Amino acid sequence: MSLKYFYNFLLIFVLIFFSACSSGNQEKSIKAKKIIPLEQLYKEAYVAFENGNYDESQKLFKIVERDYSYTAWAPRALLMRAYLYYETGNYVLALTHLQRFKQRHSGSKNLQYVEYLIAICMFEQINFVAQSQENTELALKQFRKILLNYPNSPYATDARFKIDLIHEQMAAKEMYLARYYAKKEKWLPALYRLNNIFKNYQTTIFIEEALHRLVEIHYSIGNIDSAKKYASILGYN
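The rules behind these values
- Counting starts from 1 at the beginning of each chain's written sequence and moves along it residue by residue.
- Local features in this predicted model are restricted to residues whose pLDDT is 70 or higher, and side-chain atom pairs enter the listing and the counts only when it is 80 or higher, whereas totals over whole chains, interfaces and linings include all residues.
- Computation of side-chain values covers all heavy atoms of the structure but excludes hydrogens and water.
- Starting at the N terminus, helices and strands are each numbered in turn, a helix being any DSSP run of H or I of at least four residues and a strand any DSSP run of E of at least two.
- Here a polar contact means two N or O atoms within 3.5 Å. Within protein one must be a hydrogen donor candidate and the other an acceptor candidate, and residues neighboring in sequence count only if both atoms are side-chain atoms.
- In this analysis, two residues are considered to be in contact whenever any of their non-hydrogen atoms come within 4.5 Å of each other.
- Convention adopted: a line fitted to C-alpha atoms gives each axis, helices being fitted over their contacting stretch, and angles between N-to-C directions are expressed from 0 to 180 degrees.
- The labels follow the angle: roughly parallel below 35 degrees, roughly antiparallel above 145, roughly perpendicular from 65 to 115, and oblique for the rest.
- Rotating anticlockwise by less than a right angle from the far helix to the near helix defines a left-handed crossing, while the corresponding clockwise rotation defines a right-handed one.
- Residues are grouped as follows: Ala, Val, Leu, Ile, Met, Phe, Trp, Tyr, Cys and Pro are nonpolar; Asp, Glu, Lys and Arg are charged; all remaining types, including Gly, are polar.
- Salt bridges are defined by distance alone: a side-chain nitrogen of Lys or Arg within 4 Å of a carboxyl oxygen of Asp or Glu.
- Note on exposure labels: buried denotes an accessible area under 20% of the residue type's maximum, exposed denotes more than 50%, and partly exposed covers the range between, all computed with a 1.4 Å probe on protein chains only.
- A pair of aromatic rings is counted whenever rings of Phe, Tyr or Trp (Trp by its six-membered ring) have centres within 6.5 Å, and the orientation is called stacked for planes under 30 degrees apart, edge-to-face for over 60 and tilted otherwise.
- Criterion for a charge above a ring: Lys NZ or Arg CZ within 6 Å of the ring centre, and within 35 degrees of the ring normal.
- Take the buried residues of types Ala, Val, Leu, Ile, Met, Phe, Trp, Tyr and Cys, join any two whose side-chain atoms come within 4.5 Å, and each joined set is a nonpolar core.
- By this rule the span expected of a helix is its residue count minus one, scaled by 1.5 Å.

### Overview of the side chain of Gln169
In step 1: Structurally, Gln169 can be placed in helix 8 (residues 156-183).
In step 2: Here Gln133 takes part through its side chain, which lies 3.0 Å from a polar atom of the side chain of Gln169.
In step 3: Each residue touching Gln169, except ones within four places of it in the same chain, is listed here: Ile126, Asn127, Phe128, Val129, Gln133 and Thr136.

### Quick notes on the packing of helix 10 (residues 207-220) against helix 11 (residues 224-236)
In step 1: Look at helix 10 against helix 11: their axes get within 8 Å of each other, and the N-to-C directions meet at 160°. With respect to each other, helix 10 and helix 11 are oriented roughly antiparallel. Remark: the crossing between helix 10 and helix 11 carries left-handed chirality. Facing helix 10, whose interface residues are Glu208, Leu211, His212, Leu214, Val215, His218 and Tyr219, helix 11 presents Ile224, Ser226, Ala227, Tyr230, Ala231, Ile233 and Leu234.
In step 2: Of the residues assigned to the contact of helix 10 with helix 11, the class counts are 10 nonpolar, 3 polar and 1 charged.

### A short note on the pattern of salt bridges
In step 1: Considering all chains together, one arrives at 11 salt bridges under this definition.
In step 2: Across the salt bridge formed by Glu65 and Arg104, the nearest N and O atoms sit 3.6 Å from each other. Of the two residues, Glu65 is situated in helix 3 (residues 54-67) and Arg104 in helix 5 (residues 91-104); the sequence distance between them amounts to 39 residues.
In step 3: What makes Glu65 buried here is its relative accessible area of 9%.
In step 4: What makes Arg104 exposed here is its relative accessible area of 53%.
In step 5: A single salt-bridge network, built from bridges that share partners, covers Glu65, Arg81, Arg100 and Arg104.

### Thoughts on the packing of aromatic side chains
Two aromatic rings, taken as a pair, are described by how far apart their centres are and by the angle between their planes.
In step 1: If you walk through the whole model with that rule in mind, you get 13 aromatic pairs.
In step 2: Note on Tyr116 and Tyr155: the rings are 4.7 Å apart at their centroids and 20° apart in plane angle, and the pair reads as stacked. Here Tyr116 is found in helix 6 (residues 111-123), whereas its partner Tyr155 is found in the loop between helix 7 (134-149) and helix 8, with 39 residues between them in sequence.
In step 3: Accessibility expressed as a relative area gives 15% for Tyr116, which makes it buried.
In step 4: Ring geometry for Tyr180 against Tyr181: centres 5.4 Å apart, planes inclined by 70°, an arrangement best described as edge-to-face.
In step 5: These aromatic residues form a ring-pair network of at least three members: Tyr46, Phe49, Tyr54, Tyr83, Tyr86 and Tyr91.
In step 6: We note Arg76 situated over the ring of Trp73; from NZ or CZ to the ring centre the distance is 4.6 Å.
In step 7: Its end group placed over the ring of Phe123, Lys162 keeps NZ or CZ at 5.5 Å from the ring centre.

### Details of the nonpolar core
In step 1: Counting 46 residues, the largest nonpolar core has Leu98 and Phe143 as the members making the most contacts within it.
In step 2: For this core, the secondary-structure elements that each account for two or more residues are helix 4 (73-87), helix 5, helix 6, helix 7, helix 8, helix 9 (187-200) and helix 10.
In step 3: Dropping the residues within four chain positions of it, Phe143 is found in contact with Tyr116, Ala119, Ile120, Phe123, Ala159, Lys162, Ile163 and Ile166.
In step 4: Judged by nonpolar contacts, the second largest core, of 12 residues, contains Leu38, Val64, Met80 and Leu84.

### Points about the packing of helix 9 against helix 10
In step 1: It is the contact of helix 9 with helix 10, at a shortest axis distance of 9 Å, that shows an interaxial angle of 145°. Between helix 9 and helix 10 lies a crossing whose hand is left-handed. Facing Trp187, Ala190, Leu191, Leu194, Asn195, Ile197 and Phe198 of helix 9, the residues of helix 10 in contact are Ile207, Ala210, Leu211, Arg213, Leu214, Ile217 and His218.
In step 2: Among the residues making up the contact of helix 9 with helix 10, the classes are represented as 11 nonpolar, 2 polar and 1 charged.

### Side note on helix 3
In step 1: Counted at 1.5 Å a residue, the expected span for helix 3 with its 14 residues is 20 Å, and the 20 Å between its end C-alpha atoms agrees.
In step 2: When we look at burial in helix 3, the residues that qualify are Ser57, Gln58, Leu60, Phe61, Val64 and Glu65.
In step 3: Looking at the buried residues of helix 3, the elements they touch are helix 2 (38-50), helix 4 and helix 5.

### Things to note about the side chain of Gln133
In step 1: Looking at the secondary structure, you find Gln133 in the loop between helix 6 and helix 7.
In step 2: Overall, Gln133 belongs to the buried group, its relative accessible area being 9%.
In step 3: Only 2.6 Å separates the side chain of Gln133 from the side chain of Thr136, close enough to count as a polar contact.
In step 4: Not counting residues within four places of it along the chain, the set of residues in contact with Gln133 comprises Ile126, Asn127, Phe128, Gln169 and Lys173.

Right, dumping it as structure tokens:
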């Protein structure tokens with residue numbers, strides 16, 4: 001064998017040797033990866049949550065849910081992830097995770113809390129009076145669902161209180177539109193909005209103004225009998 005071939009052979013041997021060593025080291029590195037026990041992992045996630053480290057907590061709860069989906073810890077981790085999104089104001093992702101909880105754990109004892117948190121996420125997204133009130137209507141429907149399905153739950157009292165607030169919001173929207181139409185002297189749509197307050201939101205703070213404007217508009221268009229009727233109701237109130 002010539003010296004040239006000998007050096008080539010030696011070079012190939014060295015490369016193969018170091019490649020094998022490198023591969024072996026990688027395998028050892030992978031095998032040496034630390035596996036955190038489930039209880040400890042969940043505890044670390046909760047401690048991170050209590051310390052306000054929400055990103056770390058979210059990451060650890062996600063690992064619990066993903067790697068231990070067959071255990072009782074998985075639904076707890078999923079619920080905590082939903083709450084963390086709610087706590088940080090990410091209501092869309094919170095609702096996504098809550099709906100996923102309902103699909104996967106329909107028999108859970110925490111289902112009434114899940115329904116309540118869904119309602120709260122909708123409530124927090126209620127817009128200003130001048131904007132669309134779609135979220136207001138969704139929140140109202142969800143709180144009514146809680147009272148229907150869980151009338152004796154710990155969340156029923158707050159659901160009733162939130163419904164009262166929602167009624168105030170919806171009455172405010174009607175009054176906003178009534179003022180707008182009255183300013184434009186569009187009496188029919190103004191009367192429609194005011195009558196809606198009179199019929200559906202009598203316990204709100206807007207009922208007195210609604211009655212006062214009903215008297216004014218009916219008097220302006222010559223409907224004296226209706227003006228007197230609403231004036232008597234206003235005086236009685």
